[in-house]
Every structure is written in C-alpha cells, then in structure tokens.
Amino acid sequence: MPIPNGGLITETNRQYYAGSQQFTSDGNANQTFTSTFNTDLVVGTGNYSDPATNGYNLNNFKIFTSPNASVWTELTPANTDVDALSSGASNAGQTNLTIVANTAATGGNVFAVVNKSTGFNYGTIASKTNNGGVDTLVMSQNLPVGGVPDNTQLSIRRVTTWTMSSPNIITIPQLLALNSYVKIQLNENTLDNVHGDYEYTRLDDVINNFLIAYVGPGKLISSVKRTDVIFHARRGLQEFSYDTLKSVKSSELTVPNSLSLTIPQDYVNYVKLSWVDELGVLHTIYPTNNLNQSPYYTFSQDGDGNPIQDSNDSNTEVTSQINAAWDKANPRYISGGFKNDLNNANVLDRSVYSSALGQRYGLEPQTSQKNGWFKIDQRTGTFNFTSNLANKLILLQYISDGNAYDLDARIPKLAEEALYSYITHAILSVSSGVQEYIVRRFKQEKSAKLRNAKIRLSNLKLDQVIQVMRGKSKWIK
Amino acid sequence: MAINVNTVYQTVLLILNKEQRGYMTPVEFNKIGAQCQLEIFETYFDSLNQQIRIPQTNTDYADRVVNLDEKISIFKEFINVTSISSSNVFNLPQQIGHNNGKTSVIGMVTAPTATAGGTTQYVIGTVGGVVGADTITAAQAQNGIIQIFGNGSLITDAEYAINGINIDFYSQPTTGLTLLTNYYPKQFYRLGQALYSAGGTKPTEELQRVDRGELYHLLSSKLTAPTASSPIYTYENNQITIYPTTINSGLSLSYIRKPINPSWNFTLGSGQSYSFNESSSFNFELHPADQTELILKILLYAGVVIRSPEIVQVAAQQVAQENINQQR
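What you see is a predicted model; the values in this text were computed from it and never measured.

Parameters and conventions
- Residues numbered from 1 in each chain as written.
- Chains lettered and ligands numbered in written order.
- Predicted model: local features only at pLDDT ≥ 70, side-chain atom pairs only at ≥ 80, totals over all residues.
- Heavy atoms only, no water.
- Helix = DSSP H or I, 4+ residues; strand = E, 2+ residues; numbered from the N terminus.
- Expected span 1.5 Å × (residues − 1).
- Buried < 20%, exposed > 50% of the residue type's maximum accessible area, 1.4 Å probe, protein only.
- Salt bridge = Lys/Arg side-chain N within 4 Å of Asp/Glu carboxyl O.
- Pairing = 2+ DSSP bridges.
- Axes fitted to C-alpha atoms, helices over the stretch in contact; angles between N-to-C directions.
- pLDDT = per-residue confidence, 0-100.
- Contact = heavy atoms within 4.5 Å.
- 1 Å grid on protein atoms, 1.4 Å probe; cavity = no way out; pocket = protein on both sides within 12 Å on 5 of 7 lines; lining within 4 Å.
- Points joined across faces, edges and corners; volume = space filled by probe spheres on them.
- Nonpolar A, V, L, I, M, F, W, Y, C, P; charged D, E, K, R; others polar.
- Buried area = accessible area lost by both parts, 1.4 Å probe.
- Polar contact = N/O pair within 3.5 Å; in protein donor to acceptor, adjacent residues only side chain to side chain.

## A word on helix 7 (residues 291-305) of chain B
All names here are of chain B.
So, step 1. Relative to the 21 Å expected for 15 residues at 1.5 Å per residue, helix 7 spans 21 Å between its end C-alpha atoms, a close match to the ideal helical length.
So, step 2. Restricting attention to buried positions, one finds in helix 7 the residues Glu-293, Leu-294, Ile-295, Leu-296, Lys-297, Ile-298, Leu-299, Ala-302 and Gly-303.
So, step 3. Positive phi appears at Arg-307, one or two residues downstream of helix 7, with a value of about 55 degrees.

See the structure below:
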C-alpha cells in the first residue's frame, strides 16, 4: 500500500524509500511547502540554503526544483545566477557599483553581486538607482582593492533561496514557474536512520499512550505526573537495554600502536570484541580476566612504601609497570606455542605441520587461543589490547542504555507491552494506598511480559533451529 | 444558554409574596444574585472532584461527571498567550482580557447603515458623533463577551460573527435598526492546561505544572530534565514560567473564566414603576439546570434581608435536599 490510508504509517513509499517528497508550484512567490516526513527537517544556522556556509552542512535535507519532475536542480543561491555586466569602472573603497541595466538586480539585500569568473562576492545590493541604460547599485560593503573594472562579467545571485521559519515548513521566496516541481530530499544518513523505523515505537509515544490508556479516573492509576512516567519509561528502557533488547551498537576500529582505544561515549558494557581477518570473519578477543589488570592508582612511594605527595598535597604517580610489562608481553608465551599466525578463517590455508602445533596435553582452555586479549583500564577509560593486535581491525560490540541520543529513545514493538507493564508496576509499587496484592499482580504481569519480550527478541526461527539440529547425528570419527 | 435574569427576579418576588412579606430591590437582587451565582459556580469543581471518584453510568444524560462538565464548559476558555519581552515568562489571560483594566462597556452604539449587500459589516463602537460611544480593541473583543441588541432586543449569536472588532451579520439586518453593543471582559478564574506548540508540523505538547521544590529536582535530574517535547512550568505571582527556558512562544492556555455578574436593569415606567430593560441587563451565566437551586439560594439570602425566618428555613431545606439528591 504505497499511500497512507489511516493506518500507523503516514509516509508514502516515496518518502520512505527515496526520502523525497514532491510538490507542485502554484506560480506565486513565498509559497510554503509542508514536509510530512516522520523525521523532522533540521537546518543549520545562518544562511543555511547556501552550500558555501557551514549552516548548510548541518541541514539534513536538500531542496530541488524541476520543470518536468525528471531533471532536478538543487535550489541554491549559485543556481539562481543571472548574468550581468559592469558598466564603467567602479572604484575600490566605495559602495557604488554600476552595471548595465538589469531587471534581475533589486535592492533590499535580497540579491548579491558575484564576479562570474573568480566567484568573488561583492556583497548584497542594498538599493538600486536606474539611470537610462545603467543601474547604480549601492552595495552592502565597500568594493575591494582594484574595484570592478569596466565590462566585468558579473552574476546577480539570490542570497537566500529558501527558509524554514516554522518547523518542517519550507518557504521559497522567489517566484517559481507555475506547475513546476519542488522536491524535499532527505540526506542519505538521515534516510538510513528512518529505514526500519517501523520496528520501533518512540519513547514519547509510549509515554503518551501510557497516559491515555493506563491513567485516569476509574483506573488503578487515577493520576500520575507526566515526569514520573517519563522517569519510569526511561529507566525501563535502560533496564531493557541491558538484558532484553538487541545489541545494535558496534564500532569498527583499528588498534593503534599505543594498543589502547577510548571507550565509546555511550558505552555501558561490552558484548564482544573481535578482530577481523582478511575474509572479514570475526575472531573473538577475550578479556584478560585473571591474567592482568590495569592498576587504578600508580603511586610513587617512599622508602617505607607510603605514597609521596606533591606541594598541593596530591599523591604523585608513576608510569604503571604492570601495564608496561603487559604491553610488551608476547601472547604466544601465554597461549602456548604456535608456529605461524593464521590470518584468516580459510580452512584450506593450514599446513599439516603448523596446524598441529599447540595441541599440548592438558591445555588451559581460557588461555589457549591466539586471538589476543583485551582489558579495560577504568582509570583512563580505555580498552587496552595485547601487542599482537596492534594495527588490527577490530569490531567492538557494546550496549548503551537507550537514553544517550534522541534516536536511541525507542523501544522495539515486540517489547512495547513489556515496557507498559514495567511502568505500571513501577508506579503502583511506589504509590501509597495500593494494596499489596495489586502490586504483586502487576509484578507478575511485568515478569511474564518481559519473558515474552525476551523470547520474541531472541529471534528463534524454526528453520534455523532445524539447520543446526541436522548436525546432531553426524558421526565423529 | 443562560438563566434569564428577569425570570429569576420575578420568581423570587413571587415567592417572597412581595405584598405580604417585603420587597427585594433590583440593587439587592443584583448583589445577592452575583453572590449566589458564584456560590453555585464554585461547587461545580468540588462536585466534579467527588463524582470523578465514583463509578458512573454511561447512559445518556445520567452521567454526573458529564453533566457537571457541561455546566463548567460554559466557562471554559482557550487562548494563546505571549511572553514578556521574549522570555520564558508568560502573562495570564487575565492581563490580556482586561487589557490594562478595561472594564465592562455597556451601550456602545454601532452605526446602523442600510446597505444592499447580503451581509453587512459593522465596527463595534465606532459611531461618528454619538455621545457615549466607546471602543474596544480586537484583543479585548476576542477576550470578552459581546452582546448585540437590535432595537433593545438581544440578537442571537447565530445571526452574526465577531471578527476582530467587526460584527459580520450573516444576513442584512433590518434597515434603520438601532444596534447596541455591550462588552464584558472575561475574567480569569482558574488555570487549566498549558500547551506548547513549536509551530509548523510539530506536535503540541502538554506542559506539566510543578512547584518550586519539584522544579529544582527535575532540573537536576538528567532523566527528567524538561525538554521541548516534555516541558514544565511554574505558576507564581500570576505568571507562568516555562522550562526549558528556550521556549518563549507558542504557549496556549485553557482556563476557567469567572461568571459575569447578573444585572437586572430597568427603566422607569408610568407611575415610577420599574420596567425591565433587557439591553442594559445581563443574564445569569449558569446552566439552566441550576435555575431552581439559584432561585432557592437567592430566596435564602432574601429571607435574611427581609428578616423572614420562614423563608430562610424553607429555602435552606430545599437547598440541602437538592444537594443530597445530587450527591447520592
């Protein structure tokens, strides 16, 4: 169904897949175009319609025009250029610029004059006086050194080609041809964020839905503050992020020679660290556990072993020797000998001799691996890796708490009901005058729905289970 | 939909049996009427609080919550408010409605002109050379109650619309009709909901009211810190202060306005008798369902005025019985 027809989907197929919304011009100036994307249009500061400004780079969309809805031209100041020609020399250090009479040039600082060959911007046209075949333009700034020589090819350029004075409403000040086309096109990264969005419900929607359906006269929660619901919804999302929701955060990183990487800003806990071989296959990097640990304090000590303080009464510290020892350690000495590094998961890339090495009797399983180790230095907030991982490409998979960024504040629809139950129980359990049996009832309901959510989100598919189980009766020779 | 002030006054006089017990003057009636109207009005909110906690039937006309809401709806208002000096502080509608203390204006004569058009527009209060003509602004017109009388008779709302300070009749009024416009400013009584709209296609957000103590906690907590999609406000010193402080426009308020005092006005007829003058009077604004209670309450006070314990006792019993019935 490409056209929204009253369901939850409000975007057309074109908006969702192509990220564009098309309009037709009514032939008037200052026509407004209202975006109906699920995503809010975002603009930068300053003259954000001009690609020459930094504000433009912060926009999450572009505006295009077309006479036939087939060939599109971005609506930028440069694309509104009208040729002009200087008439006589205009001197430097003054604001007057004379050009051959040109109807495109008008005052009011709506248009700028640009050198057509060099691109130099002479400023905006404050006012214009026509004197026969010559227009005298009063510019917003003095002309530069050298002035504007006679017969210089110029361009009259509209300064602002579109504005967004109200959220999601675009105004195009200039007159567009009747029945020509205008298109709002979302940027690619913005569109990426939208794709697959139907899988989720926004946390704001969850809060509003909860207040509508679960709160009111005649209900168990007769009244509750919106901020209370916001708090419990956000806390619920945090809890769900830790052990229920899918882990979707991951970073592709290269381990530098320093062997340490800063923990991501929205990191709560890691799921897995892996290095990537030439085939792109992941190899798990294991935590050091009891092999090594970065010290939190590295005090310099006096002869009695006590920390030494500086003139500000702060303890002085020295470079960690534990870290230094670990950094230069060869992991082979811990994991057991192996002759050649195998750089990929290609099973055919192993000789009989090298693959047999390391198969000692009585191996310690937790150290018998060649992928290397990582540890977390809580003091410096870094992941530290063993030396065999230097310059290796790694994948860091981790969980956040769902509250770090606006885009995170959403819950999979498969767990939406569990979140409602979580909020209900959280509110009832801290409300006075609610009988204990009611609290217990909702505690059970919360647990049951959370269990359902976990089963749903575990994504167990029958055909995948069958595929795995087909190997159960394989002969082990 | 109102209770006719003349009907109430005549009924009160009838029950008082003016020849036997005494007489209630129009001045006394107007003051007591205003008092009783406010008393009944204030009970709406307490009654609603009680009824909302009791399971209701949803049968037509029997739901007490709905019935009470219908009575209150007469006084419900919704208005856009502007901030003070583009800050996050907003004035209450009271300041707008009164517009620097604009009081009721009764008797703004609007020039009746005979035009051939199907509809005719008149500007409120602008009559060249008419003594006593007064004017109001568009903001005052929007935040006031305007009644229009044609040759002394009230013209119903269905016959015209007020746009700015213009009266737009849907059909041409009778030629030569004398139009009289009465203006009563709406007075702020009780704050309802505060809503914020960022404009464009952004959804409207409801603001939560917090007190000063809560405010500091909420601002300190990262999880509950107010945002443009979940703003909060404090209500102090007749002003609304919104958080986050970046919000300085787009605020709308729903509020309950105070009922306008009733007025039974008259002209002196033959033999110095009082003759009811509709165009300078104002009806009770209460819902017609409260007419009986209103008359009983006026009688109660009237009994005190004329020193008749019998009237006081009967009226008090009736009022008490009615209250019991409503809350049973």
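## Brief notes about the pattern of salt bridges
Two side chains carrying opposite charge are able to pair once their charged atoms lie near each other.
All names here are of chain B.
So, step 1. Following the criterion strictly, the structure yields 22 salt bridges over all chains and no others.
So, step 2. A salt bridge links Lys-186 to Glu-77, with the shortest nitrogen-to-oxygen separation between them at 3.0 Å. Of the two residues, Lys-186 sits in the loop between strand 9 (179-185) and strand 10 (187-196) while Glu-77 sits in strand 1 (residues 76-81), which places them 109 residues apart along the sequence.
So, step 3. Taking relative accessible area as the criterion, Glu-77 reaches 16% and is therefore assigned buried.
So, step 4. Where salt bridges share partners, they join Glu-77, Lys-186, Arg-257 and Glu-285 into one cluster.

## As for the pairing of strand 8 (residues 166-169) of chain B
Two faces, one strand: in a regular strand the side chains alternate between the faces of the sheet.
So, step 1. Here strand 8 of chain B shows two buried faces, one formed by Asn166(B) and Asp168(B) and the other by Ile167(B) and Phe169(B).
So, step 2. Linking strand 7 (residues 160-163) of chain B to strand 8 of chain B, which pair antiparallel, is a turn of 2 residues; within it Gly164(B) sits at a positive phi near 65 degrees.

## Re the sheet that holds strand 10 (residues 153-158) of chain A
Residues and elements named next belong to chain A.
So, step 1. Taken together, 6 strands build an open sheet; the order of strands is 5-10-7-8-9-6 and the sheet is antiparallel. Both edges of this open sheet fall to strand 5 (82-85) and strand 6 (96-100), since each of them pairs with a single strand only. Each adjacent strand pair in this sheet contributes to an overall mean axis angle of 45 degrees, direction not counted.
So, step 2. Here 4 bridges tie strand 5 to strand 10, and the two strands are oriented antiparallel to one another. Bridge pairing links Val-82 to Ile-156 in strand 10.

## A word on the confidence of the model for chain B
Residue and element names in this part refer to chain B.
So, step 1. For chain B, mean pLDDT is 83; residues scoring 70 or higher make up 87% of the total.
So, step 2. Taken element by element, the predicted model of chain B shows its lowest mean pLDDT in helix 4 (residues 93-98) (55) and its highest in strand 12 (residues 232-236) (95).
So, step 3. Scored below 50 in pLDDT, residues 96-101 shows 14 contacts in the model against residues more than four places distant or in partner chains.
So, step 4. Across residues 114-118 the pLDDT falls below 50, and counting only partners more than four positions away or on other chains, this stretch makes 7 contacts in the model.
So, step 5. Confidence metrics for the complex model read pTM 0.83 and ipTM 0.79.

## What about the layout of surface pockets?
So, step 1. Roughly 1,300 Å³ of volume is contained in the second largest pocket.
So, step 2. Looking at the second largest pocket, it is lined by 37 residues, and the ones nearest its centre are Pro217(A), Ser223(A), Leu48(B), Ile52(B) and Gln193(B).
So, step 3. Of all elements in the fold, only helix 2 (26-51), helix 3 (64-73), strand 1, strand 10, strand 11 (205-209) and strand 14 (251-258) of chain B reach the threshold of two or more residues within the lining of the second largest pocket.
So, step 4. Sort the elements by how many residues they give to the lining of the second largest pocket and strand 10 of chain B lands first, with 5 residues.
So, step 5. Residues of the lining of the second largest pocket, tallied by class, amount to 17 nonpolar, 11 polar and 9 charged.

## Details of the interface of chain A and chain B
So, step 1. Taken residue by residue, the interface counts 18 residues in chain A and 16 residues in chain B.
So, step 2. Buried area between chain A and chain B, summed over both chains or domains, comes out near 1,400 Å², and the portion from carbon and sulfur atoms is 59%.
So, step 3. Broken down residue by residue, the surface that chain A buries against chain B is led by Pro167(A), Arg226(A) and Thr227(A), which jointly contribute 38%.
So, step 4. The closest approach of N and O atoms between Lys225(A) and Glu214(B), which form a salt bridge, is 2.1 Å.
So, step 5. Where chain A meets chain B, there are 7 residue pairs in polar contact (both at pLDDT 80 or more).
So, step 6. At 7 residues, the largest contribution of residues to the side of chain A that touches chain B is made by helix 5 (residues 226-243) of chain A.
So, step 7. Its residues placed into classes, the side of chain A that touches chain B shows 5 nonpolar, 7 polar and 6 charged.

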